[in-house]
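Each chain, letter by letter, is given below.
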Amino acid sequence: MYAVEVNQLNKTFGKTVILNDIDLEMEAGGFTVLLGSSGCGKSTLLRLIAGLEDVSSGQVKIGAKDVTLADPKDRDIAMVFQSYALFPHMTVAENIGFGMRINHRPKTEIQSRVKDVTEMLQIDHLLDRTPSQLSGGQRQRVAIGRALVREPKVFLFDEPLSNLDAKLRAEMRLELKKLHEKLNATIVYVTHDQIEAMTLATRIVLLDKGVIQQIGNPYEIYNTPANCFVARFVGSPQINLLQGNLVCQQDQWGIEIGKTIISLAHYEFSAAPKEGRQVLLGIRPEHITQSPLSSDMTMDLPVNAFEMTGSETLAEFDLHGQPLRAKLEANVEIANGLALPLHLNLSRISVFCAESEQRL
Ligand SMILES: Nc1ncnc2c1ncn2[C@@H]1O[C@H](COP(=O)(O)OP(=O)(O)O)[C@@H](O)[C@H]1O
Ligand SMILES: [Mg+2]
């Protein structure tokens, strides 16, 4: 198991800055997910680690070794692409054994490795088929098999599941998780899908426009987002961000939103708060419920709109002119204009500076 490290990494294409001063340590044996929307630089970062692209400046280390200038084949990595990149005229067995054949491994060794790997991935009954005779999910397994057979120090995955339909994606997600536990390998995994990141990662690196927004485990990213971008990026439906002002009454901090004051008694500020400061209160829709909790606040608010999904009711309320979305139970009695009692779980909120959008 090797850690992967990038130091002050920069990448520009022409005059366009794609990656800006990336400092990152991807732990040995960890499942690091590079998360961000399309075009933010995830694949470029992965390709720099793989050596498929040259750095503009900075350093890439795999294990203790500086590989910044090393050839991809000398980096002891294996990469799995979204497009699978299988050889169409070769069988499954030939595709998976290809790298070992190139390295002149003995035939019996190749056969035995291919057998082990295809059994692990449950494609050992497909060895003689060509890629055109496989489903999308099976092709993806072959691509993963081709990476596994090489026993690399580090696996790099670039959106390996995004060509699969939703059901298969969920299945493969679970299998990748099991595979990681079994192999105990270092994985660096690129995706734009927050669910994949939340479920697979030991650590998430959230990128926007080539700049790291936050590094943390899924719990930290979800519950203590470093800024509004991170808060909005994870969670569905999106977090509520309500405009208000910081107030202090009898040594108690709160946020004034219209005529309502929301208590910050449970909130741990990371910097000293300032009275009157314009802020955004972040509260996730699932933390506004109809069942009273220990650290809550109760308000009666009118329903603006609602939709029933079968398993839950998503409702939008009006709080002094600002929309407030809540995830309520499926069988709630609801109608537009009707006021419902709501409980806010104030132990789960975030507060951001309205100007910088950074967590306070
Ligand atoms: N070879 C290249 N030449 C010029 N621009 C590129 C090249 N590769 C990627 N880009 C640009 O770099 C940005 C980041 O791309 P990429 O790393 O593929 O993003 P992501 O994988 O996050 O969707 C995009 O704006 C893309 O157009
Ligand atoms: Mg990409």
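Below you will find a few notes about this structure. Note that this is a predicted model, so its numbers are computed, not measured.

Definitions and limits used
Residues numbered from 1 in each chain as written. Chains lettered and ligands numbered in written order. Predicted model: local features only at pLDDT ≥ 70, side-chain atom pairs only at ≥ 80, totals over all residues. Axes fitted to C-alpha atoms, helices over the stretch in contact; angles between N-to-C directions. Helix = DSSP H or I, 4+ residues; strand = E, 2+ residues; numbered from the N terminus. Parallel < 35°, antiparallel > 145°, perpendicular 65-115°, else oblique. Left-handed = near helix turned anticlockwise from the far one by under 90°. Contact = placed C-beta atoms within 7 Å. Nonpolar A, V, L, I, M, F, W, Y, C, P; charged D, E, K, R; others polar. Near = placed C-beta within 6 Å.

**So, the packing of helix α2 (residues 92–102) against helix α3 (residues 107–120)**
Now for step 1: At a minimum axis separation of 10 Å, α2 and α3 run at an interaxial angle of 130°. Classed by the angle they form, the pair α2 and α3 counts as oblique. Note that α2 runs across α3; the crossing there is right-handed. Within the contact between the two elements, α2 uses A93, I96, G97, M100 and R101 and α3 uses I110, R113, V114, V117 and T118.
Now for step 2: Residues that form the contact of α2 with α3 fall into these classes: 6 nonpolar, 2 polar and 2 charged.

**Re the site of ligand 1**
Now for step 1: Every residue close to ligand 1 is listed here: F13, I18, G36, S38, G39, C40, G41, K42, S43 and T44.
Now for step 2: Residue classes in the shell around ligand 1 are distributed as 3 nonpolar, 6 polar and 1 charged.

**A few points about unusual backbone geometry**
Now for step 1: The omega torsion across S236 and P237 is -5°, close enough to zero to call that bond cis.
Now for step 2: You will see that D76, though not glycine, has its phi angle at about 60°, which is positive.
Now for step 3: If you trace the backbone, D76 turns up in the loop between β5 (65–66) and β6 (77–80).
Now for step 4: Its identity as a non-glycine residue notwithstanding, A85 has a phi of 50°, on the positive side.
Now for step 5: By secondary structure assignment, the location of A85 is in the loop between β6 and α2.

**What about the packing of α2 against helix α4 (residues 136–148)?**
Now for step 1: Direction vectors running N to C along α2 and α4 enclose 30°, while the axes themselves pass 7 Å from each other. Taken together, the axes of α2 and α4 lie roughly parallel to each other. Judged by the sense of rotation from one axis to the other, the crossing of α2 with α4 is right-handed. Within the contact between the two elements, α2 uses V92, N95, I96, F98 and G99 and α4 uses V142, G145 and R146.
Now for step 2: A per-class count over the contact of α2 with α4 returns 4 nonpolar, 3 polar and 1 charged.

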